[in-house]
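# Structure assessment
Here's the letter readout for the chains.
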Amino acid sequence: MADAKVIPFDEDRPRRRAGAARKVRAVPDRPEPVDPVEPVEPVEPAPERGGGGGWDRRIAGGLAFLRRRITGEYEIDEFGYDKELTDQVLMSLMRPLFEKYFRVEVRGVENIPKEGGALIVANHSGTLPLDGLMLQVAVHDHHPAQRHLRLLAADLVFMLPVVNELARKAGHTLACAEDAQRLLEAGELVGVMPEGFKGIGKPFGDRYKLQRFGRGGFVSTALRAGTPIVPCSIVGAEEIYPMIGNAKTLARLLGLPYFPVTPTFPWLGPLGAVPLPTKWTIQFGEPIPTDGYAPEAAEDPMLMFNLTDQVREQIQHALYKLLVQRRSVFF
């Protein structure tokens, strides 16, 4: 589609020239009077061609986007990631939640490499995985290079209708070592939350206490790819759905890892599913390099255990510090 032509709305408006010539009758033996300058009416500047933020430009861009969607003239990668849809639609939908509702404060984003692969390892909480989505927005909107985070998601995500398709479009992929290594070797930022369902579904009394980090598979993947590991601590997500109970029988019937009971859900129905507007902080710690190890290091169980424990301790220590500094859950 050709570039939309921007038509200045005030193109035909007559402009009055300051200091226009006027006829003044000369009076003998008197100084010639000074011609007063008439005030100039303010004229709105014409919109610049290609200028950002204009409604005409937005409408033209939106129509072009819709045309590409209808005709199929857009690209997705081998994992199903749709960069254009993510940037123009999904990020726009998540951004108000990030900026206005949870008012997320981002720290240490300079610890994320400007280019090349890196593995971001974060704690997981909140009953529903909103922390992963907010982490994506934090990386994209606050990193100088506006990098995209490719999250590793559990099998359940790709078994749910609609959610499956949206997750793929947003760049999520199955949490397996093969996919993660391919993304890292391709220079992508990969996000993983090793606590899994044990973290997101833990009771409110265990908030901010990290659960087991699995067998350290994420460390092995980073070692094979030779990419740094960036620890990430998220404060605020634990309180959005205070989980005070777990209906295990109902969870088994529905095929879910847990069925949360909160002070508002299921008692208030759909209204109880609205998260509490807590104040969040996302902090990225100093990266842990892995490129100095030999290729066979990925098979060393003791090394993987030590590195996994190091990452876990860094995240836990940062969580405690952030909690001490926090004034309130909501402010």
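Overview of the structure. (Residues numbered from 1 in each chain as written. Predicted model: local features only at pLDDT ≥ 70, side-chain atom pairs only at ≥ 80, totals over all residues. Heavy atoms only, no water.)

### Side note on the packing of aromatic side chains
Any pair of aromatic rings gets described here by the distance separating the centres and the angle formed by the planes. We apply this condition: Stacked, edge-to-face and tilted are the three classes for Phe, Tyr and Trp ring pairs, Trp counted by its six-membered ring, which pair at centre distances within 6.5 Å; planes under 30 degrees apart are stacked, over 60 edge-to-face, the rest tilted. Exposed residues in this analysis have more than 50% of their type's maximum accessible area, buried residues have under 20%, and partly exposed residues fall in between, with area computed by a 1.4 Å probe over protein chains only. We count a charge as sitting over a ring when the NZ of a lysine or the CZ of an arginine lies within 6 Å of the ring centre and within 35 degrees of the ring normal.
A complete count under the given rule lists four aromatic pairs for this structure. For the ring pair tyrosine 101 and phenylalanine 102, a centre distance of 5.2 Å and an interplane angle of 75° mean the geometry is edge-to-face. When the centroid spacing of 5.9 Å and the interplanar angle of 40° are considered together, the rings of phenylalanine 259 and phenylalanine 265 count as tilted. Exposure remark for phenylalanine 265: the relative accessible area of 23% places this residue in the partly exposed category. Three or more aromatic residues link up through ring pairs in this structure, and these residues are Tyr101, Phe102 and Trp280. One cation-aromatic arrangement involves arginine 168 over phenylalanine 158; the distance from NZ or CZ to the ring centre is 4.4 Å.

### Things to note about the pairing of strand β9 (residues 281-284)
Two faces belong to every sheet, and in a regular strand the side chains alternate between them. Put simply, the rule reads: Each pair of strands is called paired provided DSSP finds at least two bridges between the two strands. Segments assigned H or I by DSSP are reported as helices when at least four residues long, segments assigned E as strands when at least two residues long, and all are numbered from the N terminus.
Across three bridges, the pairing between strand β1 (residues 105-107) and β9 is parallel. Looking across to β9, one finds that arginine 107 is bridged to glutamine 283. Where strand β6 (residues 229-235) lies against β9, four bridges are found, and the strand directions are antiparallel. Within the sheet, the bridge partner assigned to serine 233 lies in β9 and is glutamine 283.

### Quick look at the nonpolar core
Our working rule: We call a set of buried Ala, Val, Leu, Ile, Met, Phe, Trp, Tyr and Cys residues a nonpolar core when their side-chain atoms join them within 4.5 Å. Residue contacts are counted whenever heavy atoms from the two residues lie within 4.5 Å of one another.
Among the nonpolar cores identified, the biggest contains 30 residues, and Ile120, Leu135, Cys232, Ile234, Trp280, Ile282 and Phe284 are the most heavily contacted of them. For this core, the secondary-structure elements that each account for two or more residues are α2 (83-101), β2 (118-122), α3 (130-142), β3 (149-153), β6 and β9. Among the elements that take part in this core, α3 stands out by supplying six residues, more than any other. Apart from the residues lying within four places of it in its own chain, the contact partners of tryptophan 280 are Phe102, Arg103, Val104, Glu105, Leu130, Asp131, Met134, Ile234, Val235, Gly236, Ala237 and Ile240. Core analysis: the second largest hydrophobic core is formed by 28 residues, Val121, Val192, Leu210 and Leu223 among them.

### Focus: the pairing of β6
β6 sits mainly inside the fold: seven of its seven residues count as buried. Residues of β6 alternate between two faces, with Ile229, Pro231, Ser233 and Val235 on one and Val230, Cys232 and Ile234 on the opposite face, all of them buried.

### Describing the sheet that holds β3
Here seven strands make up an open sheet; going across it, the order is β1-β9-β6-β2-β5-β3-β4 and the pairing mixed. Each of the sheet's edge strands pairs with one partner strand only, and the pair in question is β1 and β4 (173-174). Inspection of the sheet shows β3 paired to β4 by two bridges, in the parallel sense. Residue pairing for β4: alanine 153 is matched across the bridge by leucine 174.

### Some thoughts on the pattern of salt bridges
Here is the rule we go by: Here a salt bridge means any side-chain nitrogen of Lys or Arg lying within 4 Å of a carboxyl oxygen belonging to Asp or Glu.
Summed over the entire model, instances satisfying the criterion amount to 17 salt bridges. Across the pair arginine 69 and aspartate 82 runs a salt bridge, and its minimum N-O distance is 2.7 Å. With arginine 69 in helix α1 (residues 55-71) and aspartate 82 in the loop between α1 and α2, this pair connects stretches of sequence that are 13 residues apart. Across the salt bridge formed by arginine 150 and aspartate 77, the nearest N and O atoms sit 2.9 Å from each other. Placement of arginine 150 in strand β3 and of aspartate 77 in the loop between α1 and α2 is noted, with a sequence separation of 73 residues between them.

### Section: helix α7 (residues 217-225)
Taken together, the buried positions of α7 are Phe218, Val219, Ser220, Thr221, Ala222 and Leu223. In this fold, the buried residues of α7 make contact with β2, α5 (177-185), β5 (189-192), β6 and α9 (301-325). Backbone geometry just after α7 places glycine 226 at a positive phi near 70°.

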